[in-house]
Amino acid sequence: MSNNILIKAEKLSRFYGDNCAVDDINFELKRGDVLGFLGPNGAGKTTTMRMLSGNLAPSSGQIFINGIDIVENPKQAKAELGYLPEQPPLYKELTVNEYLNYCAQINRIKRNEIKKAVDNAKDRCGLVEMENRLINNLSKGFQQRVGIAQAIIHSPAIIILDEPTVGLDPIQIREIRNLIKELGQEHGVILSTHILPEVQATCNRVQIINKGKLVFNDEVANLSRQVKSSSLVIGLHQPPDLSEIEKLPGITSIERLEETRLRCYYGDNASPAELLAEKAAQNNWKLYELTPDLVSLEKIFVDLTCKEPPVK
Amino acid sequence: MIIFNIAMRELRSMFLSPLAWSILGVVQFILGYMFLTQIDTFMMVQPRLAGMEGAPGITDIIVAPLLGNAAIVLLLIVPLITMRLVSDERRSQTLSLLMSAPVSMTEIVIGKYLGVLGFLFIILIMIALMPLSLLIGGELDFGKFLSCLLGLALLLGGFAAVGLFMSTLTAQPTVAAVSTFGVLLLLWIIDWAAASGNGGTATVISYISMLRHYEPLLKGVFNSTDIAYYLLFITTFLVFSIRRLDSERLQH
């Protein structure tokens, strides 16, 4: 099939009264993508997710799920969707098995395939040992997993996860991230979060939304190009005069962090790390640290979302 | 099929909480007491009835008043059953499970409605068992008895439809319960105004009253306009509920 675009959102806007939560957003999701949806609190992430999943009407604009308009043909479009809202939609009085059975039924899985689908979902989310427990008695992490199991039970083409790792412990977070990566191989995944490393760890594309507007949309691999100047941190037990380092080719400026640690800024693509190490050895500066400052999503995020004019 | 699954889940969840059991218990206790007092009344008037020609039987003296009272008791109870239907799911944010599944709003609404009807049907059977116990020592007029039961069933169906609609309007179950109760009570007593008024308005107002259409059935008068009234009433509120849920998803 040539049509590999799973979600297409065109000129999507949503108003709550006069307040514009999402403002004219356009984007696409392709098969095999794990798209990270980033933004500060209240940026419009959840509103966008709710519109994509057919829970909320867009004030204007259109959403196509696998080429099907979600407002015109909700039933067909929703069959391709798995959605985990911010708060997992769990009937807490049911057991894990009962709940997943019900989810399989309402997602129109054939009666003789329900057991297989439920077993598969439990298996993938590590719920096999909990299958007969009441959801109410499960820990937050396991409830979250039940929520994810619910979203993938009918192996939809698109999985939308709204802050899936909130409230989990570090080990569970790692497991969930691995699960998301795994899911990204066969499905298209949209993941909303405000945790930056999560996007770097799991996603291959990232979108940043701020005050309802899409301010950044690119592949995670291309992030480095977004950052104009880069820097290195060096530690020297016997630092020379700053000007001596500044004279080295490629280095544009230098800043003292502590007594023995310095940050060197350099121009495009020309890391002076090798040269620095060489000089340090020659001049007996006693080099003990040489770390490239990682191109950080955080920097882009802060740059893009905190563009308030400086107070004069 | 999906409608049935939704209905079953609804019914199941009701019985997994103590609410359903306590409602069944309390309703049965109150109506049981009323039933016994009706029997007492019957015992008192029985000697006098023996001499009368065309005297009312036990169906008229015991069953009809019992089901009449049951309607009042259930008017208080049904809002408590229907209040959670949608508003509770809204509040605990489980509604998005149904909203993002390939299920239409019509299926959701009808599924939930049938779930409540299932519960009300159980109450109806429990109530019917009391008059049936009279068969041990007497005879029932089954025509009248069934007409009474049909009336109560239709009435409960109407109550549930209003309750479901009110529940789609709010995220607070208690608000849903109070407004359902308000609407039902108003529809129940609206013909009081007709008693003092006159002319066309009074007729129309009294025609809306749910009680007006219940009383003939209790007397054993099967009139198709009464049946049509209830069916239209139920359909109207179900359509309102579907429209209400759909409005969240549609552009306007």
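All of these numbers come straight from a predicted model, not from anything done at the bench.

Conventions adopted
Residues numbered from 1 in each chain as written. Chains lettered and ligands numbered in written order. Predicted model: local features only at pLDDT ≥ 70, side-chain atom pairs only at ≥ 80, totals over all residues. Buried ≥ 20, exposed ≤ 12 C-beta atoms within 10 Å, placed from the backbone. Helix = DSSP H or I, 4+ residues; strand = E, 2+ residues; numbered from the N terminus. Pairing = 2+ DSSP bridges. Right-handed = clockwise from strand over helix to strand, strands pointing away. Contact = placed C-beta atoms within 7 Å.

## Some details on the pairing of strand β7 (residues 158-162) of chain A
It is a general feature of regular strands that their side chains alternate between the two faces of the sheet. All names here are of chain A. Burial analysis of β7 places five of its five residues in the buried class, the great majority of the element. Side-chain alternation along β7 places Ile158, Ile160 and Asp162 on one buried face and Ile159 and Leu161 on a second face that is also buried. Both strand β6 (residues 81-84) and β7 contribute to a ladder of four bridges, which runs parallel. If you follow glycine 82 over to β7, its bridge partner there is isoleucine 159. Summarising the sheet, β7 and strand β8 (residues 188-193) pair through five bridges and their orientation is parallel. Residue isoleucine 159 lies in a different strand from β8, and its bridge partner there is valine 189. Handedness of the β-α-β unit built from β7, helix α6 (residues 170-186) and β8 comes out right-handed.

## Some details on the interface of chain B and chain A
Size of an interface: often given as the accessible area lost when the parts come together. Each partner contributes residues to the interface: chain B has 22 residues there, and chain A has 25 residues. Elements that contribute at least two residues to the side of chain B that touches chain A include exactly α1 (2-16) and α5 (95-99) of chain B. Top element by residues in the side of chain B that touches chain A is α1(B). It accounts for six residues.

## Here we look at unusual backbone geometry
All names here are of chain A. One non-glycine residue with positive phi stands out, namely aspartate 24, at about 55 degrees. Within the secondary structure, aspartate 24 sits in strand β2 (residues 19-30). Positive phi is not limited to glycine here, since lysine 211 has a value of about 50 degrees.

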